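Architecture and fold: a report
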Amino acid sequence: MNLTIENILLVGSLLLLISIIAGKTSYRFGIPTLLLFLVIGMLAGSDGIGGINFDNPQVAQFIGIVSLNFILFSGGLDTNWKSVKPVLREGIVLSTLGVLLTALSLGAFVWLITDFTLPESMLLGSIVSSTDAAAVFSILRSKSLALKTNLRPTLELESGSNDPMAYVLTLAFLTLVIHQDQSVVTLIPLFLQQMIFGGIAGFVFGFLSKIIINKIKLVYEGLYPVLLIALMFVTFSVTDFIGGNGFLAIYICAVYLANQDLIHKKTILKMYDGLAWLMQIVLFLTLGLLVFPTRVIPYIGIGLLISVFLILVARPISVFISLMFFKMKLSRRFYISWVGLRGAVPIVFATYPLLAGIEKADMIFNIVFFISVTSVLIQGTTLSVLAKWLRVSLPQEEKPLSETDKFISDITKTAMKEITVLPDYNAVNKKIVDISFPKEAIIAMIKRKDKYLTPSGSTIIEPNDILLILSDSQEGIEKVNACLTRNMN
């Protein structure tokens, strides 16, 4: 069946519905949800029972880039600076040096066992060099793994920030494959430009986005997430236009915004969580449709060999070398090595050789697809078991809530107090979003003269307002009191 304007909505909605229903029961059998989405897409494709003819790498790449924008941005919004700060150095080293070492070691292995040229081998290694944010985020959260100390923030920081490095390496070695007269040295300026411009753009657009969100006055609360979507795509597109790495920019922008006070922040976080899941489903379904299983079968042998080497050799080597200068227990290093999940991102990157039309593009794409499937299947299904075996997991009842979970969940408040705002208080004539209001407390209601107001982040506090404060603890009430009563002088 060919996809047409008339049936694309019907087919798309049916596949989406099937994916959601199937995903609800998938973990009863220990099957990662994302792998199920991929299989459903394959079954609906040309070689499957659906017979949908979809063989358009360009459209698949476009859907992949759009989806990755949402997935990375959502991951950034869920990143709390307090949690990430202690593991920032480890995360950055893993997402840069770790990715480079994985690409080089796997590329060397491919060069030794296949007839690929060295640039082609390094291209394949680069494509699968990063851990997949969609796979790591969704599997860790779906399994509700409670990991000791800073292990989980390290894994999420690495997976959320290492795609830019893999993207740059992929473009670099693809350039070497196409233009064989160039040397690796000529690509160093490209790498520096992508990473430096991307990093700077991320902070700049994060700062500008905060100002725009808090200063603009929109009539409807539901428009604020839409505004942020526009700002997200502007960040990616402008960064890419000036020669920076758009993926790095949107992740940094999101992390910056996640740790700022924003108007209607809870609404934004909840909407982006849903959008990230939608984009994960759409991305894996699309890539499943793009794949022809009959074309993958001839490469199962070589694909399995490369996949085993990646999981058992290349990834552990890169992790242990990257973390050799940091104090960390051996069991945690092993676990980080195992959580090197490959998912949709390598498959999206594998469309670049297809569009470039290089000689071994089809072979590279099918091998990458097989590696991603085996990685999610083997590593994704064993994360909980290995965590218990290595003793890096906590009992479920001891799992601490993340700062984001605390913020968006309706946790029962145990302390309450009314505070009258005097004319000389710091908070007078300021928006709630601008006074650094403690996150563990809320203003449930404001009594202003004879009226009762339900506040939002854009509400301006006036002299003699009576605020009804609800907090998790008495300490939270004291923080609110200090925040409000701090004199401007």
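This text gives an overview of the structure that appears in the document. Positions within a chain are numbered from 1, following the residues in the order the chain's sequence is written. Totals for whole chains, interfaces and linings use all residues, but because this is a predicted model, local features are given only for residues with pLDDT of at least 70 and pairs of side-chain atoms are given and counted only at 80 or more. With hydrogens and water stripped out, all remaining heavy atoms of the structure feed into the side-chain values.

1. Overview of the sheet that holds strand E3 (residues 451-453)
Let me state the cut-off plainly: DSSP calls a pair of strands paired once it identifies at least 2 bridges connecting them. Numbered from the N terminus, helices here are DSSP runs of H or I no shorter than four residues, and strands are runs of E no shorter than two. In this analysis, axes come from line fits to C-alpha atoms, helices being fitted only over the stretch in contact, and the angle between any two N-to-C directions falls in the range 0 to 180 degrees. Working rule for contacts: check all heavy atoms of both residues, and any pair within 4.5 Å makes them a contact.
Overall, antiparallel pairing links the 4 strands, which are arranged E1-E4-E2-E3 in an open sheet. Looking at which strands have only one partner, the edges of the open sheet turn out to be strand E1 (415-420) and E3. The mean angle between the axes of side-by-side strands here comes to 20°, regardless of whether they run parallel or antiparallel. When strand E2 (residues 441-448) meets strand E4 (residues 466-471), the two strands line up antiparallel, connected through 6 bridges. Bridging across to E4, Ile446 finds its partner in Leu467. Lying over the sheet, helix H22 (residues 474-485) contacts E1, E2 and E4, oriented at roughly 15° with respect to E1.

2. Considering the side chain of Ser121
In this structure, Ser121 sits in helix H6 (residues 118-127). Once residues lying within four places of it in the same chain are set aside, the contact partners of Ser121 are Gly107, Val110, Trp111 and Phe116.

3. Quick look at helix H11 (residues 223-241)
Threshold: Under the convention used throughout, the expected extent of a helix is 1.5 Å for every residue step, that is, one less than its residue count. Only protein chains enter the calculation, and the probe is 1.4 Å; a residue is then buried if its accessible area is under 20% of its type maximum, exposed if over 50%, and partly exposed in between.
The terminal C-alpha atoms of H11 lie 27 Å apart, and with 19 residues this matches the ideal 27 Å at 1.5 Å per residue to within 8%. Buried residues of H11: Tyr224, Pro225, Leu227, Leu228, Ile229, Leu231, Met232, Thr235, Phe236 and Thr239, and no others. In this structure, the buried residues of H11 make contact with helix H3 (57-77), helix H10 (188-215), helix H12 (246-258) and helix H13 (265-290). Downstream of H11 by one or two residues, Gly243 has phi in the positive range, about 95°.

4. Some points on the environment of Leu468
By the secondary structure assignment, Leu468 is in strand E4. Put simply, Leu468 and Met416 are 52 residues apart on the chain and 7.2 Å apart in space, counted from C-alpha to C-alpha. What Leu468 contacts, discounting residues up to four positions off in sequence, is Met416, Lys417, Glu418, Ile442, Ile443, Ala444 and Met445.

5. Considerations on H12
Here H12 contains 13 residues, and its C-alpha end-to-end distance of 18 Å stays within 8% of the 18 Å for a straight helix at 1.5 Å per residue. The buried fraction of H12 amounts to 12 of the 13 residues, a majority that puts the element mostly inside the structure. For H12, the full list of buried residues reads Gly246, Phe247, Leu248, Ala249, Ile250, Tyr251, Ile252, Cys253, Ala254, Val255, Leu257 and Ala258. In the core, the buried residues of H12 are packed alongside H3, helix H8 (151-161), helix H9 (163-178), H10, H11 and H13.

6. Topic: the pairing of E2
In this structure, E2 lies alongside E3, joined through 3 bridges in antiparallel fashion. Following the sheet pairing, Arg448 is matched in E3 by Lys451.

7. Observations regarding unusual backbone geometry
Positive phi, normally seen in glycine, also occurs at Arg391, with a value near 60°. Among the residues examined, Arg391 registers a relative accessible area of 67% and is labelled exposed. Here Asn429, not a glycine, exhibits a phi torsion of approximately 65°, which is positive. Looking at the element boundaries, Asn429 is found in the loop between E1 and E2. The exposure class assigned to Asn429 is exposed, which follows from its relative accessible area of 57%.

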